[in-house]
Amino acid sequence: MSDKYCVIGNPIAHSKSPEIHPVFAAETGQDIVYERCLAPVDGFLDTVRQLVADGYRGANVTVPFKLEAAAIATRLSERGRLAGAVNTLVFENGEIVGDNTDGAGLVTDIVRNAGVSLAGKRILLLGAGGAARGVILPFLEQGPAAIVIANRTRATAEALAAQFAAHAAQAGQVSAIGFDEIAGRFDVVVNATSASLAGDLPPVPASSFGPDTLAVDLMYGKEPTPFMEFAALHGAQVRDGLGMLVEQAAEAFTIWRGVRPGTTAVLVALRDKL
Ligand code: NDP
């Protein structure tokens, strides 16, 4: 019997995870099946209980259940706890173990795939929602000079910066501002707002970008987002969130199976199908 995994969400038809994990399994010789699981909006916990009863070994979690997944986990990784959101569940020894691999996926995509070290760099993080929360600890672990969180609602960015202050190597390494206070050029600018979903450009000034800037939009699609176009127009190297998606999946697969899959072929195949 193959070990069973799935991705839980609502809606779920759009999820690319079922196109990713079987490729990882084939490459690493792991005997798994991976399915989509549509959970009722008010039925996440019941769905997870049923999966456990049916012998599933783990699951990915996507919109809108990442916060609830953190709440129902009987044990949380440090990065899952700090993110307050979980995208990876492991069902083992009667426990529901929650982790968040989104931030690690983004770091791998930036550091390994884009070849850009984050050590000593100035990072501008646009947005303070679920995706932003998940990336701050993995960013801090890379030893950046500064992480500046800019958000439309400044108070949300301030709360996030305060939460991560204890994990900073020095005072002021993580700070919070409103969009109208963004000043100076950054080495890395990450668009973790949901503005791209509506085809909007977050109000980031052109002066944030230069030829040495890497601009990453966490959204992905066939066409560059307005943020990517704007950053490229002002000299930045740009990438979208498809690499992050594949790398977070690789991190989850590694947690489940204890073997790390290659990601290049999957990334190329998904890019071709966008
Ligand atoms: P949330 O809804 O949790 O947060 C949205 C954030 O965007 C908030 O900070 C909000 O500000 C801000 N925002 C919304 N609209 C605008 C706007 N028009 N201008 C400026 N700021 C805006 O979303 P998520 O964090 O879950 O997702 C953010 C993005 O990340 C999405 O594009 C999503 O697709 C992507 N993502 C990609 C992943 C990947 O693997 N590539 C994984 C997870 C997410 P405020 O606080 O003021 O409301």
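In this text the structure is predicted, and so the values were computed from the model without any measurement.

(A) Here's a closer look at the sheet that holds strand 3 (residues 58-61). Spatial strand order, 2-1-3-5-6-4: 6 strands in an open sheet with mixed pairing. Each edge of the sheet is formed by a strand with only one pairing partner; in this case those strands are strand 2 (32-38) and strand 4 (75-76). As paired strands, strand 4 and strand 6 (residues 95-99) are joined by 2 bridges and run parallel to one another. Directly across from Arg75, in strand 6, lies its bridge partner Val97. Each of strand 1 (3-9), strand 2 and strand 3 touches helix 1 (residues 17-28); the most contacted strand, strand 2, lies at about 170 degrees to it.

(B) The site of the ligand, seen in detail. Taken together, 21 residues sit near the ligand, with Ala128, Ala131, Asn151, Thr153 and Leu218 positioned nearest. The contact in question runs from an oxygen atom of the ligand to an N or O atom on the backbone of Ser194, over 3.0 Å. Protein burial of the ligand: of its 950 Å² of free accessible surface, 74% is covered by the chains. Sorting the residues of the shell around the ligand by element identifies helix 6 (130-140) and helix 9 (242-257) as the ones contributing at least two each. For the shell around the ligand, the per-class residue count stands at 11 nonpolar, 8 polar and 2 charged. Counting only domains with at least three residues in the shell around the ligand, you end up with domain 1 (3-100 + 243-273) and domain 2 (103-240).

(C) Structural view of the environment of His14. Position of His14 relative to the elements: it lies in the loop between strand 1 and helix 1. For the pair formed by His14 and Leu106, sequence separation is 92 residues and the distance between their alpha carbons is 20 Å.

(D) Looking closely at the sheet that holds strand 8 (residues 146-151). Strand order in the open sheet made by the 6 strands is 9-8-7-10-11-12, with parallel pairing throughout. On the outer flanks of this sheet lie strand 9 (174-178) and strand 12 (237-239), each paired with one strand and no other. Put simply, the sheet's adjacent strands are angled 20 degrees from each other on average, direction ignored. Bridge count between strand 11 (residues 214-217) and strand 12: 3 bridges; the pairing is parallel. Each residue of the ladder has a partner; that of Leu214, found in strand 12, is Gln237.

Criteria and thresholds
Residues numbered from 1 in each chain as written. Predicted model: local features only at pLDDT ≥ 70, side-chain atom pairs only at ≥ 80, totals over all residues. Heavy atoms only, no water. Pairing = 2+ DSSP bridges. Helix = DSSP H or I, 4+ residues; strand = E, 2+ residues; numbered from the N terminus. Contact = heavy atoms within 4.5 Å. Axes fitted to C-alpha atoms, helices over the stretch in contact; angles between N-to-C directions. Near = heavy atom within 4 Å. Polar contact = N/O pair within 3.5 Å; in protein donor to acceptor, adjacent residues only side chain to side chain. Areas by Shrake-Rupley, 256 points an atom, 1.4 Å probe, with all protein chains shown as cover. Nonpolar A, V, L, I, M, F, W, Y, C, P; charged D, E, K, R; others polar. Domains from an automatic or database assignment.

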